[in-house]
Structures are given as C-alpha cells and as structure tokens.
Amino acid sequence: MKASRWLEIIAAIAIVAAIAGGVAWWWNRPPATPAAPPVPPPPEVAVVALKEADVPLPLQFAARVAGFRVVEIRSQVSGLLLKREFDEGAVVDVGQVLFRIDPRTYEAALARATAQAAQAKAALVQAEENYKRQEGLAAQKVATQKSLEDAIAGRDQARAAVQSTQADVDVARLNLEFTTIRAPVKGPTSLVSPPEGTLIQAQQTLLTTITQLDPAYVNFTFTDSELRSLQEIGRTNEQLFDPQHVKVELQFGDGAVYPHLGTVDTRSRTVDPRTGTILTRAVFPNRDGELLPGQFVRVKMTGIVLPHAIVVPKAAISQGPLGAFVYLVEPDNVARVRQVRLFRELDDGWVVRKGLQPGDRIVVDGVIRVRPGQPVRPVPLAAAKPPPADGKPPVAAGKAAGDKP
C-alpha cells in the first residue's frame, strides 16, 4: 500500500478520535452556575416618632330628653268642677288659674266659722269682765276663793275657744281658696282633663299634669367598663364629672347642634342589673322650649383630659390573630412587629394604652412593603413619596399578624 494511503487513514482516525473526545467532554461537562440576581434595596417607609401629650377625650352617648319636673294637678277640696280656665295642652305660667270648683259650700263654711269666732270673742269679753269683778271682790274679802277660781277657769276657756274658732276660720278660708286651682310651675299641660260639671274628689281626681321644660333633663347611660376605663385616668368619680370642668354638648338627630351647653347633674351610684349600664343625667337650659320630653338626641362630654397619652395614627394600626399591632422600626432600621393595646379611638388616631413608649418610631405609610425582621429605609412622614396611583390602602402582610414582638 502506498504511503499516501496510510497517511489518509491515520488522519481520518485522528479526526474521529477528536470528535469522540469533544462529544465525551460536552456530555460530562459541569453544570453552569446561574448568576445571582441583584439584591433589592430596602423598601422606603414613612415613620413617625411617638410623643406623649395631654389629649382631650370626648365621649359620645345616645340620650333622651326628659322633663325637669312633671307636676300632677289635683284638687285639695271636693266639689263640682265649674270651669276650666285654659286650653288643654297649652303652656301655662306660674300662678295662672287652671280650674274653678263650686265655692258655695265653702263660702257657707267660712261664714259659719266666722260667726262662731265672733261668738267666742263675745264670750271671752264676758269672761274677762267676770274675772275682773271676782278679782276685786276677792281683794275686799267679799267673794270666796272658789268664785275667783271659777272666773279664772272661765276666762281661760273663753280664750281657748277664741283660738279654736279662729283656726276654724283659717281652715274654712283655705278651703275656699282651694276652690281656685292655680299652676305651681310653668310648662305645657296634658291633653286630657275632666270635663266641666265633673264631681271632683279631693286629692284623688287627676285634673291635669304640667311638665316643666326649663331647664330640661337629658338622660344617658354608659357601661361599667367605660367607667373603669375613665377611672384609669387617675381621677375620682367626682372629678371626672365635675360641672366646673366637664361640659355637655347636645346634638339632634339631623346633626344640628343645640346652641347651649349643659352640665352633668348627677349619676346613679349603682349598675342596672338588666342592662349593665349606669344612668347619668345632664341638665340644659331650655328657655325657648326647643328640647321636648321623649326626644332622642346625642350628647358629647368635653373637658376630660387624658394625661401623658400616646396617640398612634390610624394608618399605622394593623390587625392580626393576636390583636392590634404596629411595625416598630428599631435603631438598626429593622422593622419588628409590636403588639399594642388600644384604649379609645379619636378623630386623628388611637390612644394606645400599652405596648409603645415615647420616642418609638412606627411605620405609618408603606406598611404593605414591610416584612418583619427585614431592614427598611425610614423617612419622615412629610418626606415620604406619594402613594401609588391605584390608591389602594396599605395592607399588612399576613404572616406578620402571628409574629410575636
């Protein structure tokens, strides 16, 4: 075989061996290591530093208006009702004549008592003269001692008779005055009263009722737990409802505000076992009669101040299985879950009773971007970026609710 032929064979074998080696290397090559993705920067969140302050604590309750005084008008004497001097349901003034009862029987009784009083006075004059006569005779040793004693007894009996008959005259005059019934207070009368010609029984027949509207009572209730929470402020019950500091505003059902302020008048010292509430009463001026008994209103107590309180913005509060919590930013800018105990909701936030201290930084905006235990980039609330265009409110991560502080 020629030498050139051998060279071709050797070259072909070398090419095949090179191809086989390349295939074997490609098949057994180590897997390629993917490039690590870039680490995202910490999310930007808006934080506020908490401060202590004396916070006004307004309290609102549902309430009902009640009459200051409801007076039942009854006659003190019996007799025939001659006339009603007012329109049923009208507002009457103090001293205004309401009813007139037939006075003839009592006029006769007064005349009889007056006559008996005159008779007793005449008998007293006779007894006085007899006493003087017997006293002079006794001084001259002419009359006996018994005659003088009888004259003294007759004089004393005549004096007592004058006093008795004068008392009868006073009673008869009072009964005659009672036939004219006058209003003891100012206010509207009831719509029902006995018709004229009715026989009135003394102290039994109800003629009408008068409801005194000025001032007006407003009754409302609060629970014993609310009272205990107010007592934690550090004041006694008398200080909590001191009329000099605590005022009461009144709001009607349509939202209109009553122009006059009221004060807490009194409250019950016991808890109603049926409702578990404590009855409290406020008093309001009602010169124009704008407040009507039975009217449903809302009252707002102002003047109660919660000292050294911490108020957390509502946007910072999240809810989880363990209750309310916030994201606390530690000095190393790591966000942690902090369980809090809420006290009362205000217009601009929640008063936190437990869980936070003055100077703590909490996340207010950007809560949705926070992960517990991960770093964040806190910025002051005023310098925070505006929320996304979708306008969706921030929602706390689900796993954060179960984390413990």
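Scroll up for the structure.
Okay, so let's go over this structure.

Rules of the game
- Residues take numbers from 1 onward in each chain, read along the sequence in its written order.
- In keeping with the predicted nature of the model, local features appear solely for residues at pLDDT of at least 70, side-chain atom pairs appear and are counted solely at 80 or more, and the whole-chain, interface and lining totals rest on all residues.
- Remark: hydrogens and water are excluded; side-chain values derive from all non-hydrogen atoms of the structure.
- Numbering of helices and strands runs from the N terminus, with a helix taken as a DSSP run of H or I at least four residues long and a strand as a DSSP run of E at least two residues long.
- An expected span of 1.5 Å times one less than the residue number is assigned to each helix.
- Partly exposed describes any residue whose relative accessible area lies between the buried limit of under 20% and the exposed limit of over 50%, with all areas from a 1.4 Å probe on protein chains only and scaled to the type maximum.
- Contacts: residue pairs with any heavy atoms within 4.5 Å of one another.
- As a rule, the C-alpha atoms of each element are fitted with a line to give its axis, helices using only the stretch in contact, and angles between N-to-C directions run from 0 to 180 degrees.
- Should an angle fall under 35 degrees it is called roughly parallel, over 145 degrees roughly antiparallel, and 65 to 115 degrees roughly perpendicular, with every other angle called oblique.
- Throughout, a crossing is termed right-handed when the near helix is turned clockwise from the far one, and left-handed when it is turned anticlockwise from it by less than a right angle.
- Gly counts as polar in this scheme, as do all residues outside two lists: the nonpolar Ala, Val, Leu, Ile, Met, Phe, Trp, Tyr, Cys and Pro, and the charged Asp, Glu, Lys and Arg.
- At least two bridges found by DSSP between two strands is the condition for calling them paired.

### A closer look at helix H2 (residues 104–139)
- For H2, with 36 residues, the first-to-last C-alpha span of 53 Å sits near the 52 Å given by 1.5 Å per residue.
- Looking only at H2, the buried set comprises Tyr106, Leu110, Ala113, Ala117, Ala120, Leu124, Ala127, Glu128, Tyr131 and Gln134.
- Close packing links the buried residues of H2 with helix H3 (145–178).
- Among the residues trailing H2, Lys141 stands out with phi positive, at a value near 65°.

### Concerning the packing of H2 against H3
- Where H2 contacts H3, the two axes come as close as 7 Å, and the packing angle between them is 165°. Overall, the two elements H2 and H3 adopt an arrangement that is roughly antiparallel. In the crossing of H2 with H3, the sense of the turn from one axis to the other is left-handed.
- By residue class, the composition of the contact of H2 with H3 is 20 nonpolar, 9 polar and 8 charged.

### Details of the sheet that holds strand E12 (residues 263–267)
- Sheet architecture is open: 6 strands sit in the order E11-E14-E3-E10-E13-E12, paired in antiparallel fashion. Sheet topology places strand E11 (247–251) and E12 at the edges, where each strand pairs with a single neighbour. Between one strand and the next, the sheet's axes are offset by a mean angle of 40°, whatever the strand orientation.
- Where strand E3 (residues 59–74) and strand E14 (residues 296–302) come together, 6 bridges link them in antiparallel fashion. Each bridged residue has a counterpart across the sheet, and for Arg64 the counterpart in E14 is Phe296.

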